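Next come the chains, spelled out residue by residue.
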Amino acid sequence: MTDAFDKVSSHYGEAGIGERILAALQEEGIDIDALTPEILAPIDQFHTRGIVATREHAALAAPNADMHVLDVGCGVGGPARFLASTYGCRVSGIDLTAEFVAVAQMLTERCRLEHLVDFRQANALDLPFADARFDMVWCQNVTMNIEDKASFYREIARVLNSGGRFTSTEMAAGTAGPPHFPLPWARQPEISFLVPQEDMRVALEAAGLRILEWRDTSADVVAAAQSQSERARHGKLGIRLIAGDDLGERVANSGRSLAEGRLANVMIMAEK
Ligand SMILES: C[S@@+](CC[C@H](N)C(=O)[O-])C[C@H]1O[C@@H](n2cnc3c(N)ncnc32)[C@H](O)[C@@H]1O
């Protein structure tokens, strides 16, 4: 792995995330042998607007039980479990961060969803799958850690079958200067690789993906940022358990940067 990928993986991966989640659930009186995606939703949706954004994405993407979906940068597997349990589709998740993959597997077994959902550690720029293997590629809040956007979109297009859909939420560079750090995906600028929306469009189309929908969701994220930051600071069951105790400050910086036009948030749907 190169230095940049090592740094991204160390930004996310901390020892003991799984134990922390299980202890917090038990403190709330929850039976950790009978978990469900609904119980885990406050903890395992590591992206702007949490489960609300996942539901919107899913409504746009419309997966079904005949599909095999790839979740690129799956984190601890919240979106993958949500898709499988709600739509009955098969979901494979890959993530750069080995600690997240281990937690994703553990939580999936405790939700008894391992017949539909599997995970493995891999880099989005070198997907360990044959060409045209998936009906849908799903990706939430990952590309801001990936510098080589052209190779990223090429890999997505390679593993999608013809007519397959790519759905993604991404942070883009704003027009009003650099964002305020630390941010949820990077405490320092060295692992944050933001580009203007137009550059994303160009890279996506150059990879052979046809854009079906391009939704600027910045205002929605700004509206939710205050309450998300409060929950990250004080909520007992929250993303803080996987993202670190400084998450509240990082989410607040993200909201402020979006409000000032230093960031943009987009939801994309494209087709091969
Ligand atoms: C903000 S988290 C989002 C996790 C998940 N998509 C979710 O919404 O719950 C970003 C994730 O992207 C992963 N990631 C970053 N760069 C990656 C790469 N090159 N290949 C695979 N995963 C990557 C990180 O390890 C992290 O789990």
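The notes below deal with the structure included here. What you are looking at is a predicted structure, and each value in this text was computed from that prediction instead of being measured. (Residues numbered from 1 in each chain as written. Predicted model: local features only at pLDDT ≥ 70, side-chain atom pairs only at ≥ 80, totals over all residues. Heavy atoms only, no water.)

### What about the site of the ligand?
Definition in use: The rule for a residue being near a molecule or strand is that one of its heavy atoms must lie within 4 Å of it. Contacts described as polar in this section are N or O atom pairs within 3.5 Å, which, within protein, must combine one atom able to donate a hydrogen with one able to accept it, while residues neighboring in sequence count only if both atoms come from side chains. Computed by Shrake-Rupley with a 1.4 Å probe, the accessible areas treat only the displayed protein chains as cover when residues are assessed. Each helix is a run of H or I in the DSSP string that is no shorter than four residues. Each strand is a run of E no shorter than two, and both are numbered from the N terminus.
Lining the immediate surroundings of the ligand are 24 residues, of which His47, Gly73, Asp95, Thr97 and Ala124 lie closest. A distance of 2.9 Å separates an oxygen atom of the ligand from a polar backbone atom of phenylalanine 46. At 2.9 Å, a backbone N or O of glutamine 140 approaches a nitrogen atom of the ligand. For the ligand, whose unbound accessible area comes to 600 Å², protein coverage reaches 99%. Of all the secondary-structure elements, those providing two or more residues to the shell around the ligand are helix H1 (3-12) and strand E2 (90-95). It is H1 that contributes the most residues to the shell around the ligand, three residues altogether.

### Section: the pattern of salt bridges
Test applied: Between Lys or Arg on one side and Asp or Glu on the other, a salt bridge is scored when a side-chain nitrogen of the former is within 4 Å of a carboxyl oxygen of the latter. To sort residues, take the accessible area from a 1.4 Å probe on protein chains only and compare it with the maximum for the residue type: under 20% means buried, over 50% means exposed, and anything in between is partly exposed.
According to the stated counting rule, one finds 17 salt bridges in the structure shown. With a shortest N-O distance of 3.4 Å, arginine 256 and glutamate 260 are connected by a salt bridge. Taking relative accessible area as the criterion, arginine 256 reaches 42% and is therefore assigned partly exposed. Among the charged side chains, a salt-bridge network with shared partners connects Asp3, Lys7 and Glu190.

### Concerning the sheet that holds strand E1 (residues 68-72)
We count it as follows: Two strands pair if DSSP finds at least two bridges between them. Fitting a line to C-alpha atoms yields each axis, with helices limited to the stretch in contact; the angle taken between N-to-C directions then spans 0 to 180 degrees. By definition, residues are in contact when any of their heavy atoms lie within 4.5 Å.
Read from one edge to the other, the open sheet built from seven strands follows the order E3-E2-E1-E4-E5-E7-E6, with strand pairing classed as mixed. Both edges of this open sheet fall to strand E3 (117-121) and strand E6 (210-216), since each of them pairs with a single strand only. Neighbour to neighbour, the strand axes of the sheet diverge by 15 degrees on average, direction disregarded. Bridge count between E2 and E3: five bridges; the pairing is parallel. Pairing of glycine 93 across the sheet is with phenylalanine 119, part of E3. Sheet contacts for helix H5 (residues 78-87): E1, E2, E3 and strand E4 (134-140); angle to E3, the most-contacted strand, approximately 155 degrees. Seen against the sheet, helix H7 (residues 149-159) touches E1, E4 and strand E5 (160-173) and runs at an angle of roughly 155 degrees to E5.

### Considerations on the pairing of E2
In plain terms, the rule: Note on handedness: a crossover is taken as right-handed if, strands pointing away from the viewer, the path from the first strand over the helix to the second is clockwise.
The buried fraction of E2 is high, at five of six residues. With five bridges joining them, E1 and E2 adopt parallel strand pairing. Across the sheet, residue valine 72 finds its bridge partner in E2, namely isoleucine 94. Note that the unit made of E1, H5 and E2 has a crossover that is right-handed. The handedness of the E2 to E3 crossover, carried by helix H6 (residues 98-110), is right-handed.

### Focus: the packing of H7 against helix H8 (residues 197-206)
Packed helices, taken two at a time, are described by their axes: the angle between them and the distance between them. To keep it simple, the criterion reads: Each angle receives one of four descriptions, namely roughly parallel if under 35 degrees, roughly antiparallel if over 145, roughly perpendicular if within 65 to 115, and oblique otherwise. Take the far helix as the reference: if the near one is turned anticlockwise from it by less than a right angle, the crossing is left-handed, and if turned clockwise, right-handed.
Orientation of H7 relative to H8, taken along the N-to-C sense of each, is 40 degrees, at an axis distance of 8 Å. Compared by their axis directions, H7 and H8 come out oblique. Crossing hand, H7 versus H8: right-handed. Together, Lys149, Ala150 and Tyr153 of H7 and Met200, Ala203 and Leu204 of H8 make up the contact between the two elements.

### A look at the packing of helix H3 (residues 37-44) against H5
Heads up, the condition is: Side-chain classes follow a simple rule in which Ala, Val, Leu, Ile, Met, Phe, Trp, Tyr, Cys and Pro form the nonpolar group, Asp, Glu, Lys and Arg form the charged group, and the remainder, Gly included, forms the polar group.
Close contact between H3 and H5 brings their axes to 10 Å; oriented N to C, the two are set at 155 degrees. The angle between H3 and H5 places the two elements in the roughly antiparallel class. In the crossing of H3 with H5, the sense of the turn from one axis to the other is left-handed. Where H3 approaches H5, its residues Pro37, Leu40 and Asp44 are matched on the opposing element by Gly78, Pro79, Arg81, Phe82 and Ser85. By residue class, the composition of the contact of H3 with H5 is four nonpolar, two polar and two charged.

### Some words on the side chain of serine 168
Turning to its location among the elements, serine 168 is positioned in strand E5. At 2.8 Å, the side chain of serine 168 forms a polar contact with the side chain of glutamate 170.

### Looking at unusual backbone geometry
Note that the residue after phenylalanine 181, namely proline 182, is joined by a cis bond; omega there is 0 degrees. Tracing the backbone shows proline 182 in the loop between E5 and H8. Despite not being glycine, alanine 132 has its phi angle at roughly 55 degrees, a positive value. Checked against the element boundaries, alanine 132 lands in the loop between E3 and E4. A relative accessible area of 40% means that alanine 132 is categorised as partly exposed. Despite not being glycine, asparagine 141 has its phi angle at roughly 55 degrees, a positive value. Inspection of the secondary structure assignment puts asparagine 141 in the loop between E4 and H7.

Keep in mind these values describe shape, not function.
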